[in-house]
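Structure at a glance
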Protein chains: 2
Amino acid sequence: MPSYQAPIRDMRFVMDEMLDYPAHYARLPSGDDASPDVVSAILEEGARFARDVLLPINQSGDEEGCLLEGGEVKAPNGFKEAYQQYVEGGWPSLAADPAHGGQGLPPSLAMLLSEMICATNLAWGMYPGLSHGAADALRHHGTDEQKATYLTKLVEGVWTGTMCLTEPHCGTDLGLIKTRAVPADGDAYAITGTKIFISAGEHNLAENIVHLVLAKLPGAPEGSKGISLFVVPKFMPDAQGNVGERNGVTCGSLEHKMGIHGNATCVMNFDGATGYLVGPPNKGLACMFTMMNAARLGVGIQGLGLIEASFQNSLSYARDRLQMRGLSGKQAPEKPADPIIVHPDVRRMLLTQKAFAEGGRMLVLYTAQMLDVVEHCEPGEERDHAETLLGLLTPIVKAFLTEVGFESTNEGVQIYGGHGFIKEWGMEQLVRDARITRLYEGTTGIQALDLLGRKVLMSQGESLKVFTKEIHKFCKAEDDNPALKEFVGPLAKLNAEWGELTMGVGMKAMEDREEVGAASVDYLMYSGYVTLAYLFARAAKQASISLEGDEKAFYAAKLNTARFYYQRLLPRTKAHAQMIQAGASSLMAISSEDFGLGFEI
Amino acid sequence: MPSYQAPIRDMRFVMDEMLDYPAHYARLPSGDDASPDVVSAILEEGARFARDVLLPINQSGDEEGCLLEGGEVKAPNGFKEAYQQYVEGGWPSLAADPAHGGQGLPPSLAMLLSEMICATNLAWGMYPGLSHGAADALRHHGTDEQKATYLTKLVEGVWTGTMCLTEPHCGTDLGLIKTRAVPADGDAYAITGTKIFISAGEHNLAENIVHLVLAKLPGAPEGSKGISLFVVPKFMPDAQGNVGERNGVTCGSLEHKMGIHGNATCVMNFDGATGYLVGPPNKGLACMFTMMNAARLGVGIQGLGLIEASFQNSLSYARDRLQMRGLSGKQAPEKPADPIIVHPDVRRMLLTQKAFAEGGRMLVLYTAQMLDVVEHCEPGEERDHAETLLGLLTPIVKAFLTEVGFESTNEGVQIYGGHGFIKEWGMEQLVRDARITRLYEGTTGIQALDLLGRKVLMSQGESLKVFTKEIHKFCKAEDDNPALKEFVGPLAKLNAEWGELTMGVGMKAMEDREEVGAASVDYLMYSGYVTLAYLFARAAKQASISLEGDEKAFYAAKLNTARFYYQRLLPRTKAHAQMIQAGASSLMAISSEDFGLGFEI
């Protein structure tokens, strides 16, 4: 069975040494709660929960999958008990508003816990994971009554939530949905339609499930401007707010998927189910975006968790597995062969995982500070700034970390050789589980359009400038730091190039909108690599300062990872830059029919 | 269910128009057999067999998997019957030597069939696929008696073969094997040991299985110089050469794998099984390499087949699925949304698949000509030249086509969005099946060492020069061809850079052998991209000549694919070139222990 130790030392490095989290927390209005002791306790208890409770049921959950019988879904063995422990431990309410029973801690803390959960049991993590999104939507857009009825239960964790968006004929294009909401008694609506791909849509972990559902009101405008949001509980709450009568929403079937077998991905049938409008009529898509942004960050963290899980186990295997001798001679002459970690190409793969795990962690914790400010600070310049950066970084966190997450879990399989393909070792499960992260909550292509089209170009490049200015400032300040010479020079160049590439696409896009789509995914990947380059330069700065202290080996290794990143991963920007500039013509030139001339007769 | 049409038009383009196969076949001593009529019949009958017989049992085979009961393995439903049709159709003997009952056709023809089989049912294809390797080893190294006993049955297809190399503690490093062969009665040996990952090790498709097994003779030298090759049948042949007594080799268990579920991957226990030495004692590894080289080309073709399968179905989905409007306006105003093939990023993914399918096909058919010459021509300059090129290209075919095969099948999932993750659509199966191709018959890392270390550097770069000279000649000849300006210039530059990068690594390697391993995988990928660039330039030449004829659309599309390849895939060489030059230092600097300092306490 795979093993896992939460990377607390590395989390501490990023939080305490690099991003000055203690001061960050102290500055937040709610900061007193996030005292060093509380942070330590959360990290350590979270690590224990992930390792001792979630990890042991990850492989078995994959094998067993979920079972639909008589309309009820049974999650894999142990999932319900783990969820009970999670609720008893008070984990669901960590970062929730005290007004609804939450502990009011900054969301960044919940994100650290989330990394541990995703690293040990992604399928399980999606049961409570979706609740956060549902709770967010209700907190922002629900009536006081809705909050009292549903939000406190979600925060407590005794009920879980879902997001019901996708239908068989539409996922990205929600303007096409067919689910209808017809006014019924009082403020109730009767909801009818079919939703697919509903994660945790039906299960036996909690006593009730709160569905947040997109549907169309009678006479609603066509397309995405005619969508409304509804709350539809599995069981209607009774007068005391407890579970009452069964509502007309049922699980029609479970999808058979490539991965995350332990999570129930449901077809949900709404058959005149009772629901209540959340937020204004026809503004459902905007309300849903509240959930989606949080969910997108969450999926990025899934990528991060899977990288760390794959890295730790690959490392352990590479140290144990004896195969061939080192290219420059025997390294373990007492053994029949050398451990494969002596081979440079195995090290290249391990360092790729390590760099993306550590880089991804920096990116998540850097972004989390923006989220803390947006969620906990009063309106003003600081919050506006954080909001802009958060908006810019969200698609990067989501898409970049899931793309490199898929790559890194695959490197894990590759390090194990043929054994990586065998289920028993657990490495191929990480690949299968990682595969969905590039798809759900908006594919990489959708994130890329969000980044380049909505965030960067629609702001005339202003949102990007907020970030490139910060990088520029850092480069200027460290310009004559000899310890950072190998980082600051290339970073400054890339940072300038980032702006130029953006200008270039922007100019072309004024002539032809297709240019945005043609450049978008390469632009997103390019942006991700530059963002991590900035963070690795900051990490290197911190490591170079601490290099002479007690933990020399830790800081030397950190510096080496930064160096590896600059030498062996960052060159990918060269390819992306050229492909961004290549334009749309070779993509758009041939007709749909002509694509198939090699095989269609 | 996924669909498939053999890409015969494209195969014809590469064979007849680009690589002049009719003349190539006419030049071969056996060429008369490969008449245009025979080639046509094979392509058409092969296409029908793949589409009508193999494709319908591909998804069901994945779902059912194999069953081990009482030592017998039952392949998925329909596999046995399909195999029977395959044997009845005479397919196994296509390219085999007439001396052993074969049809004596050039191996290139079998490779075309192989692409079709791999595209429609990889797991099934591995039952007959392993037989070729076993037959090759017996043909080259077996005694006349062994050939009479086993080879004719393998060629006929009534028996199948396996390669038994890997043991639990060694795969790449076969010098570590523990299986023993002790002299027994007459020329027999008693073989004892455990082999793992034995594809088609036990099954119900054929009446007998011929295992080719690596084992150590008593007192054999340590390591890879003390390995011998044995033939060990499942049933001992009786006096008439028919199936006789059961031998002491049994399937202990089946592996549970990520993919190729329809193929039985067996743990094989040899319990004093009767075997016979093949080739000289202690030279087993060299004999096995005969099989491995052919097998490596075969795995490259698996990559190609899976790309084509994924491309065809992605294309069909992209034409049907309606989602969002084109960035520059409605394309199908009569529909509720536009088909997703209008979106540039979807086209980028489709063209990536298309370019790798067409490029991979050119690479395979170009390499196949060398194989034809090596297998069918008399010794001499032409054969030496072909042998050098074949040696150089084999690791590229194997590793490059499986790496881009994995990427391309994943693009297929991505084009399907969330539906790509659902088993029903069949796209995720292609990814899971493709995943093994990067691992077996030598991982990508092993192929890369073979290319850079054994083939290129050990020949002082001479083997590479054979190829770069050919490219250089092409570039010179087409230097003033205005239709090829956009291809020839970049190609000539890359071709020169290829040599320089090789020199650079070679120089560094003289100081430090680790530099070879540090550069190897990037070097292999770089080599693959340049090789395909050369072939696409040749394709563009042919297409530009034919552009004014009847099939304008076909040639325009071909030219566009070449253009896409140069603009949107070839820039990856820039990243690989820089990473080749980055050196080993950041890989080798930290100790095995220090890799884990972020999480180990």
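Provided above is the structure to which this section pertains.
Residues numbered from 1 in each chain as written. Chains lettered and ligands numbered in written order. Predicted model: local features only at pLDDT ≥ 70, side-chain atom pairs only at ≥ 80, totals over all residues. Heavy atoms only, no water.

Now for the packing of helix H6 (residues 107-120) of chain A against helix H7 (residues 122-141) of chain A. All names here are of chain A. H7 packs onto H6 with a crossing angle of 140° between their chain directions and a minimal axis gap of 6 Å. When the axes of H6 and H7 are compared, the pair comes out oblique. Touching Ile-117, Cys-118 and Thr-120 of H6 are Leu-122, Trp-124 and Gly-125, all from H7. Of the residues in the contact of H6 with H7, the class split is 4 nonpolar, 2 polar and no charged. (Axes fitted to C-alpha atoms, helices over the stretch in contact; angles between N-to-C directions. Helix = DSSP H or I, 4+ residues; strand = E, 2+ residues; numbered from the N terminus. Parallel < 35°, antiparallel > 145°, perpendicular 65-115°, else oblique. Contact = heavy atoms within 4.5 Å. Nonpolar A, V, L, I, M, F, W, Y, C, P; charged D, E, K, R; others polar.)

If you look at the biggest cluster of nonpolar residues, it comprises 418 residues, and the most contacted ones within it are Trp-124, Phe-400 and Tyr-565 of chain A together with Trp-124, Phe-400 and Tyr-565 of chain B. Setting aside chain neighbours within four positions, we find Tyr-565 of chain B in contact with Ala-355, Phe-356, Gly-528, Tyr-529, Leu-532, Ala-533, Phe-536, Leu-570 and Pro-571 of chain B. (Core = buried A, V, L, I, M, F, W, Y, C linked by side-chain atoms within 4.5 Å. Buried < 20%, exposed > 50% of the residue type's maximum accessible area, 1.4 Å probe, protein only.)

Contact with chain B, which involves 102 residues of that partner, is made by 102 residues of chain A. The contact between chain B and chain A buries some 9100 Å² in all, and 61% of this surface belongs to carbon and sulfur atoms. On the surface where chain B and chain A come into contact, there are 4 salt bridges. Arg-568 of chain B serves as the salt-bridge partner of Asp-522 of chain A, at 3.2 Å between the closest nitrogen and oxygen. The interface formed by chain B and chain A holds 46 residue pairs in polar contact (both at pLDDT 80 or more) in total. Ranked by residues supplied to the side of chain B that touches chain A, first place goes to helix H17 (residues 552-569) of chain B with 9 residues. (Buried area = accessible area lost by both parts, 1.4 Å probe. Salt bridge = Lys/Arg side-chain N within 4 Å of Asp/Glu carboxyl O. Polar contact = N/O pair within 3.5 Å; in protein donor to acceptor, adjacent residues only side chain to side chain.)

Our focus in this paragraph is the packing of aromatic side chains. Residues and elements named next belong to chain A. Tallying each qualifying case throughout the model produces 55 aromatic pairs over all chains. Taking 6.3 Å as the distance between ring centres and 50° as the angle between the ring planes, the aromatic pair formed by Tyr-83 and Trp-124 counts as tilted. Taken as a pair, Tyr-83 in helix H5 (residues 79-88) and Trp-124 in helix H7 lie far apart in primary sequence, 41 residues in all. Considered together, Tyr-83 and Trp-124 belong to a single accessibility category, that of buried residues. Following the ring pairs from residue to residue traces out a cluster consisting of Tyr-366, Phe-467, Phe-474, Trp-498 and Tyr-534. In this arrangement the basic side chain of Arg-9 is found over the ring face of Phe-554, its NZ or CZ atom lying 4.0 Å from the centre. One residue, Arg-435, lies across the ring of Phe-406, its end atom 5.3 Å from the ring centre. (Phe/Tyr/Trp six-rings, centres within 6.5 Å; stacked < 30°, edge-to-face > 60°. Lys NZ or Arg CZ within 6 Å of the ring centre and 35° of its normal.)

With that settled, the discussion passes to the relation of the copies chain B and chain A. The transformation that overlays chain B on chain A combines an axial shift of 0.0 Å with a rotation of 180°, and the residual RMSD is 0.0 Å. Considering both components of the superposition, the chain copies are consistent with a two-fold axis. (Least-squares fit on C-alpha atoms with pLDDT ≥ 70 in both.)

Bringing the pattern of salt bridges into the picture now. Between side chains of opposite charge, a pair can form when the charged atoms approach closely. Tallied over the full model, the rule gives 65 salt bridges over all chains. Measuring nitrogen to oxygen at the nearest pair gives 2.7 Å for the salt bridge that ties Arg-48 of chain A to Glu-45 of chain A. Note that Arg-48 of chain A and Glu-45 of chain A are positioned in helix H3 (residues 36-54) at a spacing of 3 residues, about one turn of the helix. Across the pair Arg-9 of chain B and Glu-17 of chain B runs a salt bridge, and its minimum N-O distance is 3.1 Å. Taken together, the shared-partner salt bridges connect Asp-10, Glu-115, Glu-308, Lys-354, Glu-358, Arg-361 and Lys-558 of chain A into one network.

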